[in-house]
Amino acid sequence: MQNLAPAAVARQGMRGKMRFGSAFKRGFRRYLQGEYESLEEAMIAAVESARFGGPAITEYWRRQAIQTAASCETWARDLREKLLSTDGTYELAFGDHIMRGRHDTVFEESGARVLVRVKSGKTAAAGTDAAADPELALA
């Protein structure tokens, strides 16, 4: 990133974070589907195929993937054991209206089906925020 204005450097960093978020979701899904034995392996493969812009930048995001996977490997393994679906469609009827869409990961917990929606961002959700919001935030 030579001779770039500060705003251009910031945009480059945001693109990297967005690509990392996409790689995380792709690696997480592939791990849940059983393509990899560990979340770390799935994350590394997803990052290495994401084209971050050169070997040094890719290595930075590879290290981020290892660190992120370590923080949620146990949770992901537990989720994979309870997995019902990694994607699918749904249809809800409201009177004469039908709403259709796609969903992501669904698992079973205590006889109930639970939808996990993985989001990535700058910071992890606080425990109280995560308890109040059904979306899962990982950073």
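Please read these numbers as outputs of a predicted model, since none were measured by experiment.

A count of helical and extended segments in the protein gives four helices and seven strands. Along the chain direction, N to C, the helices and strands of the protein fall in the order α-α-α-β-β-β-β-β-β-α-β. Within the protein, the proportion of its 139 residues that are buried is 27%. Within the protein, residue pairs in contact and separated by at least 24 positions form 44% of the contacts whose partners lie at least 6 positions apart. A total accessible area of about 9,300 Å² is found for the protein, and carbon and sulfur atoms account for 51% of it.

Before going further, it helps to examine the confidence of the model for the protein. Per-residue confidence for the protein gives a mean pLDDT of 78; residues scoring 70 or more make up 75%. Mean pLDDT values for the elements of the protein range from 41 in strand E7 (residues 136-138) up to 93 in helix H2 (residues 39-48). Here residues 6-12 is a poorly scored stretch, pLDDT under 50, and it has four contacts once near neighbours within four places are set aside; other chains count.

In this structure the tally under the stated criterion is four aromatic pairs. Put simply, the rings of Phe20, Tyr60 and Trp61 touch in pairs and so form one group of aromatic residues. Lying across the ring of tyrosine 31, arginine 80 places its NZ or CZ 4.0 Å from the centre.

The rules behind each value
Residues numbered from 1 in each chain as written. Predicted model: local features only at pLDDT ≥ 70, side-chain atom pairs only at ≥ 80, totals over all residues. Heavy atoms only, no water. Helix = DSSP H or I, 4+ residues; strand = E, 2+ residues; numbered from the N terminus. Buried < 20%, exposed > 50% of the residue type's maximum accessible area, 1.4 Å probe, protein only. Contact = heavy atoms within 4.5 Å. Areas by Shrake-Rupley, 256 points an atom, 1.4 Å probe, with all protein chains shown as cover. pLDDT = per-residue confidence, 0-100. Phe/Tyr/Trp six-rings, centres within 6.5 Å; stacked < 30°, edge-to-face > 60°. Lys NZ or Arg CZ within 6 Å of the ring centre and 35° of its normal.

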